[in-house]
Structure formats: C-alpha cells, structure tokens
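# Commentary on secondary and tertiary structure
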Amino acid sequence: ALPIWNALIFVLIFAGTLYGVFHGQDIGELKDALARCRTDWLVCAAGCVVVFILCESSALWLLLNTFGMGLRQGTCFFSACIGFFFSAITPSSSGGQPMEVYYLRKKGIPVSVSSVALIVMVVAYKLILTGIGVILLIVRYGFLRAHLGKLFFLYFIGLIMTAGAAVFLFLMVFRPSMARAILIWGMSVLEELHILKNREKHQTGFAVSMDLYSSVSDQLRKKPGVMLGVLAIMALRRAALFSVTWCVYRALGLSGDSWLTVALLQAAVSICADMLPLPGGMGISEALFVRVCASSFGDAALPGMILSRGIGHYCQLILCALFTMLAL
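Scoring rules and cut-offs
- Residues numbered from 1 in each chain as written.
- Predicted model: local features only at pLDDT ≥ 70, side-chain atom pairs only at ≥ 80, totals over all residues.
- Heavy atoms only, no water.
- Helix = DSSP H or I, 4+ residues; strand = E, 2+ residues; numbered from the N terminus.
- Buried < 20%, exposed > 50% of the residue type's maximum accessible area, 1.4 Å probe, protein only.
- Contact = heavy atoms within 4.5 Å.
- Areas by Shrake-Rupley, 256 points an atom, 1.4 Å probe, with all protein chains shown as cover.
- Expected span 1.5 Å × (residues − 1).
- Core = buried A, V, L, I, M, F, W, Y, C linked by side-chain atoms within 4.5 Å.
- Axes fitted to C-alpha atoms, helices over the stretch in contact; angles between N-to-C directions.
- Parallel < 35°, antiparallel > 145°, perpendicular 65-115°, else oblique.
- Left-handed = near helix turned anticlockwise from the far one by under 90°.
- Nonpolar A, V, L, I, M, F, W, Y, C, P; charged D, E, K, R; others polar.
- Patch = residues over 30% accessible without salt bridge, like charges linked within 9 Å, V, L, I, M, F, W, Y side chains within 5 Å.
- Salt bridge = Lys/Arg side-chain N within 4 Å of Asp/Glu carboxyl O.
- Phe/Tyr/Trp six-rings, centres within 6.5 Å; stacked < 30°, edge-to-face > 60°.
- Lys NZ or Arg CZ within 6 Å of the ring centre and 35° of its normal.

So, on to the overall build of the chain. Helix and strand counts for the chain come out as 15 helices and zero strands. The buried share of the chain, taken over its 328 residues, is 49%. When contacts within the chain are restricted to residue pairs at least 6 apart in sequence, those whose partners lie at least 24 apart make up 75%. Split by element, the accessible area of the chain, about 15,600 Å² in all, is 69% carbon and sulfur.

Shown next, in the form of structure tokens:
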C-alpha cells in the first residue's frame, strides 16, 4: 500500500507541476526557444548528470573498500541509481538510502556497514550544501532578499534543516552509542504500537549488528583521509549538478554571467527545496528556478528551467529508473 501511496503522491505533484509550468504560457514561443538551443551544450549538461551519478558510486566504492568489502564499481553505480530513483519519488527523499541498503544486502554487504557508508555520504553531501549556503548568505544577502522575496524564509529554514540533519547524522556515525540509544528507543516504540513482536529476539541480532556498526565507525575515525576524500567527491558531485544549469544557460545562447554566478543561483534553489517534504523537490524547485534565476536567464528563465530540471532531474530519474529495474 505504501509504494502505491507514494506513486500517487508523485503523479499528483508531477501533474500539478506541469500545470503550474505551462498554464498561461505561449507554447509556440517556448518551442522556438528550445529549438534554438545549442546541442553541444545540452550534451555537456547530460554529461554533468553522468558525472553526478558516478561521483556517488565512486564515494560508495571508496567507503566500502575502506571497510574491506571489495565491491565492484558497477555494483556501486547500480546502487547510486537506485538511491536517486527512490529519493526522487518519495517525500523528503526518504526512500533512497533504505533501498540502497536493501540492494547492497543482496550483494552480501552487511546492513551495518552499508548504513555507515551511506550516512557518511549524506553527511558530506549536506555539509557541502551547508557551506555553500552560509557563504551565499554572507556575500549575496541582498541578492537573495531581492529575488526570493516572501519566500526568503524558505532559504533560512532549508539552511538550518540541512545543517541540523548533517550534524545529527554525523553524530550517528561517530558516536555509535547515540545510534544505539536511538534504535533501542525506536524498537520500544514499535513494540508499544504492536508492530514489533519478540523484541528480545530482535535485540539479540541488533546487538551483533551494533557491534559491527561500532567497529566500522572506529575504522572510519582512524582514517580521516577517507572522509576528506568523500567530501571532495561530494563537492564535485554538487558542482556537476549545478553545472547542468550553466550548460543550459550557454545552450540558450546566453552569456555575461560566470559559471560561479549561475551555479550559486542554482545552489540557492537547492537550499530552499532540499529538505521540503516533496518528492525530488517537485513544484517548488521549478517555481524557485524561474524566480531566482531570472536575473541571469532573463526572458529565457522558463525555457531554462524546463531544460535544467528536465535534464538534471527528470531525464536522470528515467535513466535511474531503467538501471533500477535492471538491478532489482
């Protein structure tokens, strides 16, 4: 029932997004603007999407091999595709990591090991976005106020929630006792709700898993270079995704703004939408793009949004869906 409910939510939000984007627009002008795009820059945008996926698979490969799992790059690539697909179709991107854990378990990776690896990747990814958000708030405060208007509060909320999630997950990895306490509490709640039975039996297996979880965390603490490597890969992953917008900007024949300017505009949109309970940030990401990126895209803001979100999110969603079907 839950997958059906998630699918229904996704379809409804997607339909609402399409209506919001195209309602009242001159479709002929949109077609003309899209037809004039430079194909070479659109190919570059698609290449950035591939780099985005490869960065996650590379970070996962680095972490799992650090823990002695010896997993192949191809398996990590499939895992990255599964993570993106289920994150994109579930509220608050909540389904991605659990499905990756499930897939990796089928490949022989213990849940405690894959959980640590995936949490570390999420921490790094959110820390990078938090750092960008703080810098943007300091150096471009007036710009953000002017372009976000009444939606400026979303930037603050998104930044605080992203930073809070990063800190909480960081403690989950590097303070195993905290993770143990939270999971024991969760099991108690499930038992009280009559969802979990034979708690003593589950706790026995849980204790073994937590011992392995603690061992993996200890390995990671002793290898700070690995965490720095993951941070570097995740920084490249963010840059690749933001570069999709830059490639679209150039594909539309626009110039005058630097890569950094356009990338920071996309970063502002991501910060606002990242933690909202919407599948893949649908709806709000499109609305914010047109509003925030108008300073660079001008009258081409709508075609820019269609191409940027189309290539960077929806085409990637279709690609990852195909790989997900192959993997599962």
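Having seen the structure, we can now continue with the description.
Let us look at helix H6 (residues 111–139). Here H6 contains 29 residues, and its C-alpha end-to-end distance of 42 Å stays within 8% of the 42 Å for a straight helix at 1.5 Å per residue. Most of H6 sits inside the fold, with 22 of its 29 residues counted as buried.

Most often, soluble globular proteins have nonpolar side chains that are buried together. Counting 98 residues, the largest nonpolar core has Leu-63, Leu-144, Tyr-155, Leu-220 and Phe-297 as its most contacted members. The element that contributes the greatest number of residues to this core is H6, accounting for 16 residues. Non-local contacts of Leu-144, meaning those with residues more than four positions away in its chain, are made with Leu-136, Leu-137, Gly-149, Phe-152, Tyr-155 and Ala-268.

Moving on: the packing of helix H4 (residues 73–89) against helix H15 (residues 301–327). When two helices pack together, their arrangement is given by the angle between their axes and by how far apart the axes lie. At their nearest, the axes of H4 and H15 sit 8 Å apart, and the two run at 125 degrees to each other. It follows from the interaxial angle that H4 and H15 lie oblique. For H4 against H15, the interelement crossing comes out left-handed. Residues Phe-77, Phe-78, Cys-81, Ile-82, Phe-84, Phe-85, Phe-86, Ala-88 and Ile-89 of H4 form the contact with H15, whose participating residues are Gly-312, His-313, Gln-316, Leu-317, Cys-320, Ala-321, Phe-323, Thr-324, Leu-326 and Ala-327. Of the residues belonging to the contact of H4 with H15, the class tally is 15 nonpolar, four polar and no charged.

On the surface, Val-134, Ile-135, Ile-138 and Val-139 cluster together into a nonpolar patch covering about 390 Å² of accessible area. Mapped onto the secondary structure, Val-134 falls in helix H6.

Within this structure, the stated rule accounts for twelve aromatic pairs. Ring centres of Tyr-141 and Phe-152 lie 5.6 Å apart, and the angle between their planes is 85 degrees; this geometry places the pair in the edge-to-face category. Of this pair, Tyr-141 sits in helix H7 (residues 141–148) while Phe-152 is found in helix H8 (residues 152–174), placing the two residues eleven residues apart along the sequence. We classify Phe-152 as buried; its relative accessible area is 3%. Both rings, one in Tyr-249 and one in Phe-297, keep their centres 5.4 Å apart while their planes meet at 80 degrees; by these two values the pair is edge-to-face. Pair noted here: Tyr-249 is in helix H11 (residues 224–251) and Phe-297 is in helix H14 (residues 294–297), with a separation of 48 residues, a long-range link. Judged by relative accessible area, Phe-297 falls into the buried class, the value being 2%. Taken together, the ring pairs in this structure connect Trp-41, Trp-246, Tyr-249, Phe-289 and Phe-297 into an aromatic cluster. Looking at Arg-237, its charged tip hangs above the ring of Phe-52, at a distance of 4.0 Å from the centre. Sitting above the plane of the Tyr-125 ring, Arg-238 keeps its charged end 3.5 Å from the centroid.

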